[in-house]
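A closer look at the structure
Chain by chain, the residues:
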Amino acid sequence: MGIMQRIGNLLMRSGDALGGDPAYIPNVRKMFEYFGDRFSMYYDGASTSRTRTDWNYTTDTPYNNLSGDLKKLISRARESTDNNGLSQNIDNVYCSNVVKTGIKPEPVVTELDGETPAEAINKILADGWNRYNDQWDRSGYGTYYEWQGIALRTIINSGSVLRNTVPSKKGDYLPFANQMIEPDRLDWTHDLWTKPMSMDAAPGKQTQFGMELDEWGVPLRFWVQGIKNPIDAANMDVRYVRRRTEQFIGVPWKAPVLKALWDLDKLLEDKFMSSRILAMIALWTKSDDAPRLAGGADVNNRIKWEPARIMYSKNKPEVIQAADSIADTFDPLCRLIQRTISIGTGLSYQILTKDLQGMNFAASRANILEDRRLFEMVQKWFVKNFCQRDWTNYVEQMFLSGKMSPLGLSDYQADPWRFIQCYWQSPGWDWVDPLKDANAAVELRKNNMLTLKDYFSSGGQNYKAELRQIAKEKAYLAELETEYDVDMSTADQTAAKAQEAAALSANVGTDGQGDAQDEPATQEAEK
């Protein structure tokens, strides 16, 4: 045990001997931490050597760490998105892979036995959602699926997004709609009404970032700027990624890379400035030699330099020249910063910068698969913390509005969990190597290692809808085979059938009706 640890334990025991004076013990603890940091260096990462004296750190709570920085982080993240193409592409990559055209719900309510699908209930919920999807947003800006992308972009740049339940427009399917609010709309001035949470404070009711929390950290009310009274948590909720146990609001996802994004901007700006100076390189010579130079000089004896122009003078001028080392140092430095940004956002350098220079197929495939693992993880979080919350609110309002007949509100209140069960179909991705991936899927299916649900889901398709479509196509092919007496199981026979159908259509009777009657079947056969 180190000498400082012994002293600290002795001081702590003396505090206990004094009756555990709460004003005394925290001061002893802080003094011990202060001196202990300077003497304890068992872990290199905790050392405070001469080369690490500028490494700042804190042992405070998430609230105290964030309260002074959050609005600045949000503002800088938004500014970088508006002015930096690489920063904007972070949003685009996440949204185009996590949300795409929308993560769509399929109700999977079962009967009381827990196994048999409740088809009637599921149909009511699915049909109702098709109408409600267009009316989810009170402003009427877009559908729920479009707002999924807006919400994800808000979380990336602001750390959180708030959803508020508001009355819907007259004539809408349900009597309520939704309003999305950015986290910096919360009124933080109410945080001063209660003691800020600290490491020395026991858990209890707190007001953090304008949110009143109970002793378990569950929001009770939200104070919003411009609104006199707080909004009850029954109508508003906050959605974010929690990275620490006592964190109650989100941190912008771009926070770790904001410095690098700014540095890259300034580096490019400085390099372009240097390039402009290089394009207007200056010559110095004595003023009395200026008239002798080719092209002459202006009234101030200044000479405008033109590229590839030879100038003559009595005395040799001194050239102020800037080095142009883009290939040697500038490009590698930019790539280094871009790689730092890609690592900080969890994305591969390839997908973030679209730079495939020096990339072979094996490395590209490895990066794509790793990116997809990240997107699947984000999709899972987004479905649980965003989509499913909205579905739960929707189902509850369906019962409150009396649209689940013959079921009533009492049925829902008896077992809400049963009625909110929903499968969210995330958009899939194209195959990296179509032929190999297709053959692998066939082999997995043959050996009962791949379900049709998993196969179609990987491509962003609903397996029930796809199987119904396949059944329709098979039935239609069988109908054509019967009508034209051919086997359409192979491509060659299908082509032959199309030719026969075309010839048959051309030779139909001359009553003026035959061609019109056979035309649709002929077109389908040609297809």
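These figures come from a predicted structure and were not determined experimentally.

**Some points on the overall build of the chain**
Across its full length, the chain holds 18 helices and 11 strands. Within the chain, buried positions represent 36% of all 527 residues. Looking at the chain as shown, the accessible area adds up to about 32400 Å², and 54% of this sits on carbon and sulfur atoms.

**Observations concerning the sheet that holds strand S7 (residues 231–232)**
Read from one edge to the other, the open sheet built from four strands follows the order S4-S5-S6-S7, with strand pairing classed as antiparallel. The open sheet is flanked by strand S4 (206–208) and S7, the only strands paired with a single partner.

**Quick look at the sheet that holds strand S2 (residues 160–167)**
The sheet built from three strands is open, its strands ordered S3-S2-S8 with antiparallel pairing. Of all the strands in the sheet, just strand S3 (176–181) and strand S8 (236–240) have a single pairing partner and so form its edges. Strand-to-strand twist in this sheet, taken as the mean axis angle between neighbours without regard to direction, amounts to 25°. Inspection of the sheet shows S2 paired to S3 by six bridges, in the antiparallel sense. In the strand pairing of S3, Arg 163 is matched with Met 180. On the sheet, helix H11 (residues 361–400) packs against S2, S3 and S8 and is oriented at approximately 160° with respect to S8.

**Here's the deal with the nonpolar core**
Ranked by size, the top nonpolar core spans 61 residues in total, and within it Tyr 94, Leu 125, Leu 152, Trp 253, Ile 341, Tyr 394 and Val 395 carry the most contacts. Per element, the largest residue contribution to this core is 13 residues, and it comes from H11. Each residue touching Ile 341, except ones within four places of it in the same chain, is listed here: Leu 86, Ile 90, Val 257, Ala 260, Leu 261, Leu 264 and Leu 352. One finds Ile 74, Phe 209, Ile 231 and Tyr 240 within the second-largest nonpolar core, a separate group that totals 19 residues.

**Some remarks on the packing of helix H7 (residues 144–158) against H11**
Two numbers describe how H7 lies on H11: the axes approach to 12 Å, and their chain directions differ by 130°. By the criterion of interaxial angle, the relationship of H7 to H11 is oblique. Regarding H7 and H11, the two cross each other, and that crossing is right-handed. The segment H7 lies against H11, with Tyr 144, Trp 147, Gln 148, Ala 151, Leu 152 and Ile 155 engaging Trp 381, Phe 382, Phe 386, Cys 387 and Asp 390. Partitioning the contact of H7 with H11 into residue classes produces nine nonpolar, one polar and one charged.

**Some thoughts on the pattern of salt bridges**
By the definition in use, this model includes 15 salt bridges. Two residues, Asp 390 and Arg 239, come together in a salt bridge whose shortest N-O distance is 3.0 Å. Taken together, the residues Asp 390 in helix H11 and Arg 239 in strand S8 connect sequence positions 151 residues apart. The same class applies to Asp 390 as to Arg 239, namely buried. The residue Lys 266 makes a salt bridge to Glu 269 at a minimum N-O spacing of 2.8 Å. Remark: Glu 269 and Lys 266 occur in helix H8 (residues 258–279); sequence separation between them is three residues, near one turn of the helix. Assessed through its relative accessible area of 27%, Lys 266 is described here as partly exposed. Three or more residues are tied together by salt bridges with common partners; here these are Arg 163, Asp 237, Arg 239, Arg 389 and Asp 390.

**Things to note about the side chain of Asn 157**
If you trace the backbone, Asn 157 turns up in helix H7. Residue Asn 157 is classed as buried on the basis of its relative accessible area of 7%. Polar contacts involving the side chain of Asn 157 include one to the main-chain carbonyl oxygen of Arg 153, which spans 2.9 Å. The residues touching Asn 157, leaving out its near neighbours within four places in the chain, are Ile 74, Ala 77, Arg 78, Thr 81, Asp 91, Pro 252 and Lys 254.

**Quick notes on helix H4 (residues 70–83)**
Spanning 14 residues, H4 covers 20 Å between terminal C-alpha atoms, matching the ideal 20 Å at 1.5 Å per step. Where H4 is concerned, the buried positions are Leu 70, Ile 74, Ala 77, Ser 80 and Thr 81. Summarising the axial view, the buried residues of H4 lie within an arc of 135°, below the 170-degree limit, and thus occupy one face. Exposed residues pointing more than 90 degrees away from the buried face of H4 are listed as Arg 76, Asp 82 and Asn 83.

**As for unusual backbone geometry**
For the peptide bond that leads from Ser 405 to Pro 406, omega is 10°, which places it in the cis range. A positive phi is found at Lys 354, a non-glycine position, where the angle reads about 60°. Its location among the elements puts Lys 354 in the loop between helix H10 (349–353) and H11. In the Ramachandran plot, Asn 448 falls in the positive-phi region, its phi being about 55° despite a non-glycine side chain. Here Asn 448 falls in the exposed class, since its relative accessible area comes to 70%.

**As for the packing of aromatic side chains**
For the coordinates displayed, the defined rule picks out 24 aromatic pairs. Seen from their ring centres, Trp 129 and Tyr 394 are 5.2 Å apart, and the 80° between their planes marks the pair as edge-to-face. Residue Trp 129 is found in helix H6 (residues 119–132), and its partner Tyr 394 is found in helix H11; the two are separated by 265 residues along the sequence. Tyr 394 shares its class with Trp 129; the two are buried. Directly above the aromatic system of Tyr 349 lies the positively charged group of Arg 339, at a separation of 4.7 Å from the ring centroid. Cation over ring: Lys 403 sits above Tyr 173, and NZ or CZ is 4.4 Å from the ring centre.

**Structural notes on helix H14 (residues 434–446)**
The end-to-end C-alpha distance of H14, which contains 13 residues, comes to 18 Å, matching closely the 18 Å that a straight helix rising 1.5 Å per residue would cover. Downstream of H14 by a residue or two, Asn 448 has a phi angle that is positive, lying close to 55°.

**Quick word on the confidence of the model for the chain**
Counting all residues, the mean pLDDT for the chain is 80, and 72% of those residues have values of 70 or more. pLDDT under 50 marks residues 15–24. Its contacts with residues more than four places away, or in other chains, come to 10 contacts. Below a pLDDT of 50 lies the segment residues 508–527, which in the model reaches 17 contacts outside its immediate sequence neighbourhood of four places, other chains included.

**So, the pairing of strand S6 (residues 219–222)**
As paired strands, strand S5 (residues 211–213) and S6 are joined by three bridges and run antiparallel to one another. Residue Met 211 lies in a different strand from S6, and its bridge partner there is Phe 222. Between S5 and S6, which pair antiparallel in sequence order, lie five residues; one of them, Gly 217, sits at a positive phi of approximately 85°. Relative to S7, S6 is paired through two bridges, and the arrangement is antiparallel. Among the inter-strand pairings, Arg 221 is bridged to a residue of S7, identified as Asp 232.

Thresholds applied
- Residues numbered from 1 in each chain as written.
- Predicted model: local features only at pLDDT ≥ 70, side-chain atom pairs only at ≥ 80, totals over all residues.
- Heavy atoms only, no water.
- Helix = DSSP H or I, 4+ residues; strand = E, 2+ residues; numbered from the N terminus.
- Buried < 20%, exposed > 50% of the residue type's maximum accessible area, 1.4 Å probe, protein only.
- Areas by Shrake-Rupley, 256 points an atom, 1.4 Å probe, with all protein chains shown as cover.
- Pairing = 2+ DSSP bridges.
- Axes fitted to C-alpha atoms, helices over the stretch in contact; angles between N-to-C directions.
- Contact = heavy atoms within 4.5 Å.
- Core = buried A, V, L, I, M, F, W, Y, C linked by side-chain atoms within 4.5 Å.
- Parallel < 35°, antiparallel > 145°, perpendicular 65-115°, else oblique.
- Left-handed = near helix turned anticlockwise from the far one by under 90°.
- Nonpolar A, V, L, I, M, F, W, Y, C, P; charged D, E, K, R; others polar.
- Salt bridge = Lys/Arg side-chain N within 4 Å of Asp/Glu carboxyl O.
- Polar contact = N/O pair within 3.5 Å; in protein donor to acceptor, adjacent residues only side chain to side chain.
- Expected span 1.5 Å × (residues − 1).
- Arc of directions from axis to C-beta.
- Phe/Tyr/Trp six-rings, centres within 6.5 Å; stacked < 30°, edge-to-face > 60°.
- Lys NZ or Arg CZ within 6 Å of the ring centre and 35° of its normal.
- pLDDT = per-residue confidence, 0-100.

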